[in-house]
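Survey of secondary and tertiary structure
Chain by chain, the residues:
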Amino acid sequence: MTQQATNRHGVILMLTAVMPTMAIIALVPVLPLLLREFAGVPGAAVLVPMALTIPALCVALFSPVAGWLSDKLGRKRLLIAALVGYAGFGLLPLLLHDLRLILAARVALGVTEAIIMTVATALVGDYFTGERRERWVSIQIATASVSAIVLIAAGGALGEALGSRGPFWLYLLALPVALAAAMILFEPTKASAAAATGKAQGIALLVAITFGIGMLFYTLIVQLGPVIEATGVTSPATIGLAGAAANLGVMAGSMLFGRLKGWSGETLLSIGLPLVALGYVGVGLSGSFYITAACAVVISIGNGLMLPTMLAWVLRRLPPETRGRGTGVWTGSFFLAQFIAPIVAVALSGVLGGLSGAFLFYAAAAAIGAIIALLRRGTATQGA
C-alpha cells in the first residue's frame, strides 16, 4: 500500500523550513558584538558580516546538487542527515575562536541548509497534490516569515544573556526536528519514468521569474534599515518593529495565496506585482517613517502572494522523477537573489543617484512585469 501523508507530516516539513531562516536571522542581533570581538582580525569588517550571509550563497550554489542527490538516493535519509549536520556545524562556532574557521563552519552549515530546504520542499510536492499541496506551500512561506520575528527576538535574548555566541545555541533545535522526521516522515514512492515524460516544461522561465521576485523581496529586507534611518528615525527598536510588520505582510500575502490558490499564476502575478510597484514608489519618494513603513508592508504583501505562487507553479510542472532537481534549481535561484540583491542595490544607487532611484527602478520593473502578466493572462484566457 502507498502511505498517505497527513497534517503531522506537513507540520514536520514546516519545522524544517525554519532552519534556513535561523541560519542568518538568529545572528543579526549579535553582529555588533562579533564585529567588536574580531576587530583585530584583518578584513573583519567584511568577514564577520560574510559569516552571516555565506550560508545563503551556499544554498544558491548547492541546492541543485542537493536536489539531484535526493532524486538518486532518496529524500528521508538525506534530510535527516542534513538536519543532524546542520545542528553540528551550527553549534561548532561555540568552540572556535578563529574567524576563518568559523567561516568554514558556516560554509558547511550552508551546504546542509541547501539540502534541508530543497528536500523539504520536494517532499511537500511528493506528499501532497492539488489544493492540499498549495495550502502547505502557503503555510511554508508564512512559517518562514513568522519564524523570522521569533528568531530575531530569541537571538537577541541569548546574545544579551550569553554574549556573542549565545544565538548559536538555537541550532540545537534541529536535533528534535531530525528525530521527529526520522519517526514520522516516510520515503515517497517513485513514479515511473514513462509517467513523468513531458511534464517538466517551462521550468526555466518560472525559475527566472522567481529570481526577479527574489530581487524585489530581498532588496527591501536588506535596505529597510537605511531607508527608515533616512526618514529621521534611528531607534533600533522602531526599525525592528517596522521589519516585524514587513514580515507579517509576507505572511498576510501567503495567506492570501491560500485563499486565491485556484487562480492562475499569471493572474496572481498581475495582483502581486502592482502591489510591489506601488510600494516601491512610496518607499522611494516618501520622507515619512509611517508612510515608508506602510509601503514596506504593501511590498511584503505582494511578495508574500507571489512567492508561494511561483513555488506551487513549479511543483505542479515537475514530475516525481525530477522533483528534487527542479526544486533545487528553484531554491538556488531564490537564494542567489538573496546574495546578489545588496550588491545590485549598491550598484543601482551609484548610477541612479541613491537608494530612492534604485527603488523607483524596481517599481518600474515590477510595473512592466505586471503588464506582461496581464497580457499573458489575456492570451491564456483567449486560448481557453
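Residues numbered from 1 in each chain as written. Predicted model: local features only at pLDDT ≥ 70, side-chain atom pairs only at ≥ 80, totals over all residues. Heavy atoms only, no water.

**A word on the packing of helix H5 (residues 76-91) against helix H8 (residues 174-184)**
Two elements in contact, H5 and H8, have axes separated by 8 Å at closest approach and are oriented at 165 degrees. Judged on the interaxial angle alone, H8 and H5 are roughly antiparallel. Two packed elements cross with a definite hand, and for H5 against H8 that hand is left-handed. Residues Lys76, Ile80, Leu83, Val84, Tyr86 and Ala87 of H5 lie in contact with H8, whose contacting residues are Ala174, Leu175, Val177, Ala178, Ala181 and Ala182. Across the contact of H5 with H8, the residue classes tally to 11 nonpolar, no polar and 1 charged. (Axes fitted to C-alpha atoms, helices over the stretch in contact; angles between N-to-C directions. Helix = DSSP H or I, 4+ residues; strand = E, 2+ residues; numbered from the N terminus. Parallel < 35°, antiparallel > 145°, perpendicular 65-115°, else oblique. Left-handed = near helix turned anticlockwise from the far one by under 90°. Contact = heavy atoms within 4.5 Å. Nonpolar A, V, L, I, M, F, W, Y, C, P; charged D, E, K, R; others polar.)

**Let's talk about the side chain of Arg106**
Mapped onto the elements of the fold, Arg106 is located in helix H6 (residues 99-127). Glu113 is the oppositely charged side chain nearest to the buried, salt-bridge-free Arg106, at an N-O distance of 6.6 Å. At a separation of 2.5 Å, a polar atom in the side chain of Arg106 contacts the main-chain carbonyl oxygen of Ala23. When neighbours within four sequence positions are excluded, Arg106 is seen to be in contact with Ala23, Ile24, Leu27, Ala51, Leu52, Ile54, Pro55, Phe168 and Tyr171. (Buried < 20%, exposed > 50% of the residue type's maximum accessible area, 1.4 Å probe, protein only. Lys, Arg positive; Asp, Glu negative; His and termini not counted. Salt bridge = Lys/Arg side-chain N within 4 Å of Asp/Glu carboxyl O. Polar contact = N/O pair within 3.5 Å; in protein donor to acceptor, adjacent residues only side chain to side chain.)

**Observations regarding the pattern of salt bridges**
Here the structure, examined in full by the defined rule, presents 6 salt bridges. Close ionic contact of Glu37 with Arg165 constitutes a salt bridge, the shortest N to O distance being 2.4 Å. Linking Glu37 in helix H3 (residues 31-37) with Arg165 in the loop between helix H7 (130-162) and H8, this pair joins segments that are 128 residues apart in sequence. A residue is classified by how much of its surface remains accessible, and Glu37, at 36% relative accessible area, is partly exposed. Here Arg75 and Asp71 are joined by a salt bridge, their closest N and O atoms 3.0 Å apart. Exposure remark for Arg75: the relative accessible area of 4% places this residue in the buried category. Residues joined in a network through salt bridges with shared partners are Asp71, Arg75, Asp126, Arg323 and Arg325.

**Quick look at the side chain of Thr231**
Position of Thr231 relative to the elements: it lies in the loop between helix H10 (203-229) and helix H11 (236-260). On the basis of relative accessible area, Thr231 is assigned to the buried category, the value being 19%. In this structure the side chain of Thr231 is engaged in a polar contact, spanning 2.5 Å, whose partner is the backbone oxygen of Ile228. Setting aside chain neighbours within four positions, we find Thr231 in contact with Gly287, Ser288, Phe289 and Thr292.

**Brief notes about the confidence of the model for the protein**
Any residue range with low pLDDT should be treated as having predicted coordinates unsuitable for detailed reading. Looking at the protein as a whole, the pLDDT averages 88, with 94% of positions reaching at least 70. Per-residue pLDDT stays below 50 along residues 192-198; that stretch engages in 4 contacts with residues further than four places along the chain or on separate chains. (pLDDT = per-residue confidence, 0-100.)

**Considering the packing of aromatic side chains**
A complete count under the given rule lists 14 aromatic pairs for this structure. With a centroid separation of 5.4 Å and an interplanar angle of 70 degrees, the aromatic rings of Tyr86 and Tyr171 are classed as edge-to-face. With a gap of 85 residues between them, Tyr86 in helix H5 and Tyr171 in the loop between H7 and H8 connect regions that are remote in the sequence. Of the residues examined, Tyr171 reaches a relative accessible area of 0% and is grouped as buried. Their ring planes at 35 degrees and their centres at 5.6 Å tell us that Tyr280 and Phe359 sit as a pair that is tilted. (Phe/Tyr/Trp six-rings, centres within 6.5 Å; stacked < 30°, edge-to-face > 60°.)

**Some words on the environment of Ala122**
Tracing the backbone shows Ala122 in helix H6. Expressed as a C-alpha distance, the spacing of Ala122 and Ile141, which sit 19 residues apart in the sequence, is 14 Å. Not counting residues up to four positions away in its chain, the partners in contact with Ala122 are Arg75, Arg323, Gly324 and Thr327.

**Section: a nonpolar patch on the surface**
Taken together, the side chains of Val84, Leu162, Trp169, Leu172 and Leu175 define a hydrophobic patch exposed on the protein surface, amounting to about 450 Å² of accessible area. Classification of Leu175 as partly exposed rests on a relative accessible area of 37%. (Patch = residues over 30% accessible without salt bridge, like charges linked within 9 Å, V, L, I, M, F, W, Y side chains within 5 Å. Areas by Shrake-Rupley, 256 points an atom, 1.4 Å probe, with all protein chains shown as cover.)

**Overview of H7**
Here H7 spans 46 Å end to end across 33 residues, near enough to the 48 Å set by a 1.5 Å rise per residue. Where H7 bends most, at Ala148, the angle is about 25 degrees. (Expected span 1.5 Å × (residues − 1). Bend = angle between axes of the 7 residues up to and from the residue.)

**Structural notes on the packing of H6 against helix H14 (residues 323-352)**
Axis separation between H6 and H14 bottoms out at 9 Å; the angle between their running directions is 130 degrees. Here H6 lies oblique to H14, going by the angle between them. The crossing of H6 and H14 is right-handed. Contact with H6, carried on its side by Glu113, Met117, Thr118, Thr121, Ala122, Gly125 and Asp126, involves Arg323, Gly324, Thr327, Gly328, Thr331 and Phe335 of H14 and no other residues of that element.

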